[in-house]
Every structure is written in structure tokens, then in C-alpha cells.
Amino acid sequence: PILLTSFFFSLHAALVAYVNSSMLGVHLGPKGVSIIFTLSSALSLFLVARAAGWIKRFGNVAYVAGVLTISAFLLFGIGVTSSHWTSVLLFIPYFALNTLVYYGLDVFLEHFSDPKTTGNTRGTFLTLNNIAWVGMPAFVGLLEDRYGFAVVYFFGACAVLAALSVMLIGERRYHDPQYAPV
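Residues numbered from 1 in each chain as written. Predicted model: local features only at pLDDT ≥ 70, side-chain atom pairs only at ≥ 80, totals over all residues. Heavy atoms only, no water.

This part is about the environment of Leu-164. Residue placement: Leu-164 occurs in helix α7 (residues 149–170). Taking the relative accessible area as the measure of exposure, Leu-164 reaches 11% and is therefore buried. For the pair Leu-164 and Ser-6, spaced 158 residues apart in sequence, the C-alpha to C-alpha distance is 9.7 Å. (Helix = DSSP H or I, 4+ residues; strand = E, 2+ residues; numbered from the N terminus. Buried < 20%, exposed > 50% of the residue type's maximum accessible area, 1.4 Å probe, protein only.)

The next thing to look at is the packing of aromatic side chains. The final tally for this structure, using the stated rule, is ten aromatic pairs. With a centroid separation of 6.1 Å and an interplanar angle of 75 degrees, the aromatic rings of Phe-154 and Phe-155 are classed as edge-to-face. The class of Phe-155 is partly exposed, set by a relative accessible area of 36%. An aromatic cluster of at least three residues, connected via ring pairs, comprises Phe-37, Phe-91, Tyr-94 and Phe-95. (Phe/Tyr/Trp six-rings, centres within 6.5 Å; stacked < 30°, edge-to-face > 60°.)

What follows concerns the environment of His-84. Structurally, the position occupied by His-84 is in helix α4 (residues 84–112). Note on His-84: relative accessible area 14%, which makes it buried. Distance in space between the C-alpha atoms of His-84 and Glu-144 is 16 Å, their sequence separation being 60 residues. Filtering out sequence-adjacent residues up to four positions away, His-84 remains in contact with Met-23, Leu-24, Val-26, His-27 and Leu-28. At 3.4 Å, the side chain of His-84 forms a polar contact with the backbone oxygen of Leu-24. (Contact = heavy atoms within 4.5 Å. Polar contact = N/O pair within 3.5 Å; in protein donor to acceptor, adjacent residues only side chain to side chain.)

Turning our attention to the packing of helix α3 (residues 60–80) against α7. When two helices pack together, their arrangement is captured by the angle between the axes and the distance separating the axes. Following both chains from N to C, one finds α3 and α7 inclined at 165 degrees, their axes separated by 8 Å at the closest point. Here α7 runs roughly antiparallel to α3, going by the angle between their axes. Seen from above, α3 lies across α7 with left-handed handedness. Residues Val-61, Val-64, Ala-65, Leu-68, Thr-69, Ser-71, Ala-72, Leu-75, Phe-76, Ile-78 and Gly-79 of α3 form the contact with α7, whose participating residues are Ala-150, Tyr-153, Phe-154, Gly-156, Ala-157, Val-160, Leu-161, Ala-163, Leu-164, Met-167 and Leu-168. Split by residue class, the contact of α3 with α7 holds 18 nonpolar, four polar and no charged. (Axes fitted to C-alpha atoms, helices over the stretch in contact; angles between N-to-C directions. Parallel < 35°, antiparallel > 145°, perpendicular 65-115°, else oblique. Left-handed = near helix turned anticlockwise from the far one by under 90°. Nonpolar A, V, L, I, M, F, W, Y, C, P; charged D, E, K, R; others polar.)

Moving on to α4. Compared with an ideal rise of 1.5 Å per residue, which puts 29 residues at 42 Å, α4 spans 42 Å between its outermost C-alpha atoms and is within 8% of the ideal. When the local axis directions of α4 are compared, the greatest deviation, roughly 25 degrees, occurs at Phe-91, which is followed within four positions by the proline Pro-93. (Expected span 1.5 Å × (residues − 1). Bend = angle between axes of the 7 residues up to and from the residue.)

Before going further, it helps to spend a moment on the environment of Asn-98. Here Asn-98 is to be found in helix α4. Residues in contact with Asn-98, not counting those within four places in the same chain, are Phe-9 and His-12.

What follows covers helix α5 (residues 118–134). In a regular helix each residue adds 1.5 Å, so 17 residues correspond to 24 Å; α5 covers 24 Å between its end C-alpha atoms and thus fits that length. Here α5 has its buried residues at Phe-125, Asn-129 and Ala-132. Angular distribution of buried residues about the axis of α5 spans 55 degrees; they occupy a single face of the element. More than 90 degrees from the buried face of α5, the exposed residues found are Gly-119, Asn-120 and Val-134. For α5, the elements touching its buried residues are α1 (2–17), α4 and α6 (136–147). (Arc of directions from axis to C-beta.)

Structural data, given as C-alpha cells:
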């Protein structure tokens with residue numbers, strides 16, 4: 001289940017990655033886009049520094065489910081808003097949360113990996129993530145050209161919800177270990 005969850009999450013990331021800069025650049029210009037990505041990355045670092053404490057407090061399933069849920073809402077918001085500034089304000093936390101999801105997925109991967117085959121498991125994990133990126137440039141180009149940014153973000157949100165569903169259904173057997181103090 002974790003590999004499929006990761007695949008759907010990477011599928012979403014690949015979908016929107018090819019339009020993020022264009023969507024932001026509609027009104028911001030290149031310097032504005034750079035500033036937004038810098039702010040998003042700074043927020044990501046701030047949040048990642050707190051991730052271990054949240055996992056310890058809430059458990060990894062609740063942590064990842066919460067972050068995926070927030071991400072889906074932010075993507076839907078970006079897609080449906082008619083205000084460019086609202087989409088920019090929604091983009092900053094959305095972009096920052098992606099790192100938090102990968103952090104939680106890595107906790108699952110570590111838990112379910114046999115120490116003897118960890119390399120193979122991580123290789124499969126990365127291969128599936130990369131497969132999600134392979135056909136996306138052409139698909140996103142067609143989608144955006146025909147329907148605009150909103151539909152791309154809608155499909156991205158759907159992929160996040162698919163990742164959330166697979167994780168919630170498939171990780172019922174996961175039990176958080178005793179985490180070291182943070």
C-alpha cells in the first residue's frame with residue numbers, strides 16, 4: 001500500500017509541477033515566482049523541523065492523512081478560486097506540505113522494509129515515483145491547453161485523494177513504534 005500511495009502522490013506532484021510556475025507567473029513575473037518558491041521552501045523547512053514531533057504526538061497515519069487532506073483542499077482551492085492572489089496564498093502552504101508527505105511516507109517505508117532488502121524496497125519506491133513523472137509533460141500540456149490551470153489542479157487534488165484513500169485502507173496494519181523523544 002505504501003508504494004501505491006507514494007505513486008499517486010508523485011502522480012499529483014508531476015501533474016502540477018509543470019504548471020506551477022506558469023500559474024504563478026500570470027501576474028507575478030519571474031522575480032515574483034522566485035519569491036513565492038523561496039517563501040514556500042522556507043515554510044517547508046520550518047514545518048519539517050516540527051514533523052517528528054507531530055508524528056510522535058499523533059502517529060504517522062494521522063500525520064500523513066492530515067497533511068494529505070490539507071493538500072487536497074489547498075489544490076482544490078487553487079483550482080476553483082477566481083482570485084490570482086488567493087491562488088498564490090494557497091500555493092505557498094500547498095508547496096511546503098509536499099515535503100511533509102514525503103517525510104511521512106519515508107517513515108512508513110522504513111517501518112515496512114526488511115533490513116536485508118531495504119535497498120530493493122527503496123529502489124522500487126523511487127522507480128514508482130519516477131514512473132509517475134514520465135508521461136506527465138505531454139498530458140499536462142494537453143490538459144492545460146484545453147481546459148486551463150484549474151483542471152490540472154483538480155486532477156492533482158484527485159490524485160492526492162487517491163493517495164489518501166490507498167493509505168487509509170492499506171495501512172490499517174501499521175502501528176506506530178515508540179518514537180525517541182524529540
